[in-house]
Amino acid sequence: MKVKGYVSKHKHFRTMFDIFDTDKNGYLSVKELGRFLNVVRDDFTKAELKFLIKCADKDENGKMDCSEFVLMMSALHVAKIERIRELRDMFKCFDKKGRGYVDVKELGRLMSKSGIKTSKEDCQHILDEADIDRDGKMSFFEFVLLMENMTEDEEEKALYEAFQTFDLNGDGTIDRSELGNVFKRFGQDLTPDELDNMFKQTDADKNGRISFDEFKSLAS
């Protein structure tokens, strides 16, 4: 996954930053950034724009420097709106405090809660892979770039490991109860009707079990 290399390819974002930095102080204010995003990405809702701006202003100083801007634009450039929304929901499972970033402890807690056995060193490796600005945290935009630059083989392997975690009895399929546990572990306690609907939509062959291929469609 060549995440850092991807950002360096988009030098035109630096030129874009200079254009919108009207007072030439080397920063975009939160208000300037909001106006910019409304112009270039009018497909986001107000709530989504608020989330993106919060993630962009990671140090909460009310402004964004050029490197932060390039990182944000690289992430928005590589992922379509639907994928941004999917990754946002996934990221919020990590970022329980709603700060717009996660540290190695939060990453470890989520892995553990999900039943995925990872050492502190493994979590640190994942964080290091994503941490482009080297501040010891993984921002939402770094998360987007990490996920979008996974190879198909890496993504398949990660999904299969997750599938095995939720296949509690090891029979190669997930039943309704196990599917409910999947959502509970990620902080979503579905009602019986919601769980029934989700199971029916995912169980394509209607055999009462979810196979790995069906699970992939749920995660995509």
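The coordinates are above.
We now turn to the structure provided with this report.

Procedures and definitions
- Residues numbered from 1 in each chain as written.
- Predicted model: local features only at pLDDT ≥ 70, side-chain atom pairs only at ≥ 80, totals over all residues.
- Heavy atoms only, no water.
- Helix = DSSP H or I, 4+ residues; strand = E, 2+ residues; numbered from the N terminus.
- Contact = heavy atoms within 4.5 Å.
- Phe/Tyr/Trp six-rings, centres within 6.5 Å; stacked < 30°, edge-to-face > 60°.
- Buried < 20%, exposed > 50% of the residue type's maximum accessible area, 1.4 Å probe, protein only.
- Lys NZ or Arg CZ within 6 Å of the ring centre and 35° of its normal.
- Patch = residues over 30% accessible without salt bridge, like charges linked within 9 Å, V, L, I, M, F, W, Y side chains within 5 Å.
- Areas by Shrake-Rupley, 256 points an atom, 1.4 Å probe, with all protein chains shown as cover.
- Salt bridge = Lys/Arg side-chain N within 4 Å of Asp/Glu carboxyl O.
- Lys, Arg positive; Asp, Glu negative; His and termini not counted.
- Charge placed at Lys NZ, Arg CZ, Asp CG, Glu CD.
- Axes fitted to C-alpha atoms, helices over the stretch in contact; angles between N-to-C directions.
- Parallel < 35°, antiparallel > 145°, perpendicular 65-115°, else oblique.
- Nonpolar A, V, L, I, M, F, W, Y, C, P; charged D, E, K, R; others polar.

**Some points on the environment of Ala-56**
For step 1, the next point in the chain: On the secondary structure map, Ala-56 appears in helix α4 (residues 46-56).
For step 2, the next point in the chain: Sequence separation of Ala-56 and Met-73 is 17 residues, and the distance between their C-alpha atoms is 10.0 Å.
For step 3, the next point in the chain: The residues touching Ala-56, leaving out its near neighbours within four places in the chain, are Leu-33, Met-64, Glu-68, Met-72 and Phe-141.

**Quick look at the packing of aromatic side chains**
For step 1, the next point in the chain: The final tally for this structure, using the stated rule, is 13 aromatic pairs.
For step 2, the next point in the chain: Ring centres 6.4 Å apart and planes at 20° place the aromatic pair Tyr-160 and Phe-163 in the stacked group. Of this pair, Tyr-160 and Phe-163 both sit in helix α10 (residues 152-166), separated by three residues, roughly a single helical turn.
For step 3, the next point in the chain: The class of Tyr-160 is partly exposed, set by a relative accessible area of 38%.
For step 4, the next point in the chain: Site record: aromatic cluster; members linked through ring pairs are Phe-51, Phe-91, Phe-94, Phe-140, Phe-141 and Phe-143.
For step 5, the next point in the chain: Lying across the ring of Phe-51, Lys-92 places its NZ or CZ 5.3 Å from the centre.
For step 6, the next point in the chain: In this structure, Lys-137 packs its charged tip against the face of Tyr-101, placed 4.3 Å from the ring centre.

**Section: a positive patch on the surface**
For step 1, the next point in the chain: Together, Lys-97, Lys-105, Arg-109 and Lys-120 make up a region of like positive charge exposed at the surface.
For step 2, the next point in the chain: Along the polypeptide, Lys-120 turns up in helix α8 (residues 120-130).

**A look at the pattern of salt bridges**
For step 1, the next point in the chain: Considering all chains together, one arrives at 11 salt bridges under this definition.
For step 2, the next point in the chain: Linking Asp-103 and Arg-99 is a salt bridge whose minimum nitrogen-to-oxygen distance equals 3.9 Å.
For step 3, the next point in the chain: Here Asp-171 makes a salt bridge to Arg-209, at a shortest N to O gap of 2.4 Å. Within this pair, whereas Asp-171 is found in the loop between α10 and α11 (176-185), its partner Arg-209 is found in the loop between α12 (192-202) and α13 (212-219), the two being separated by 38 residues in sequence.
For step 4, the next point in the chain: Judged by relative accessible area, which is 23%, Arg-209 ranks as partly exposed.
For step 5, the next point in the chain: Three or more residues are tied together by salt bridges with common partners; here these are Glu-48, Arg-85, Arg-88 and Asp-89.

**Topic: the packing of α11 against α12**
For step 1, the next point in the chain: Axis separation between α11 and α12 bottoms out at 10 Å; the angle between their running directions is 110°. The orientation of α11 relative to α12 falls into the category roughly perpendicular. Where α11 approaches α12, its residues Arg-176, Leu-179, Gly-180 and Phe-183 are matched on the opposing element by Pro-192, Leu-195, Asp-196, Met-198 and Phe-199.
For step 2, the next point in the chain: Here the contact of α11 with α12 is composed, by residue class, of six nonpolar, one polar and two charged.

**Concerning the environment of Phe-212**
For step 1, the next point in the chain: In this structure, Phe-212 sits in helix α13.
For step 2, the next point in the chain: Separated by 52 residues in sequence, Phe-212 and Tyr-160 place their C-alpha atoms 7.2 Å apart.
For step 3, the next point in the chain: Setting aside its immediate chain neighbours within four residues, Phe-212 contacts Glu-156, Leu-159, Tyr-160 and Phe-163.

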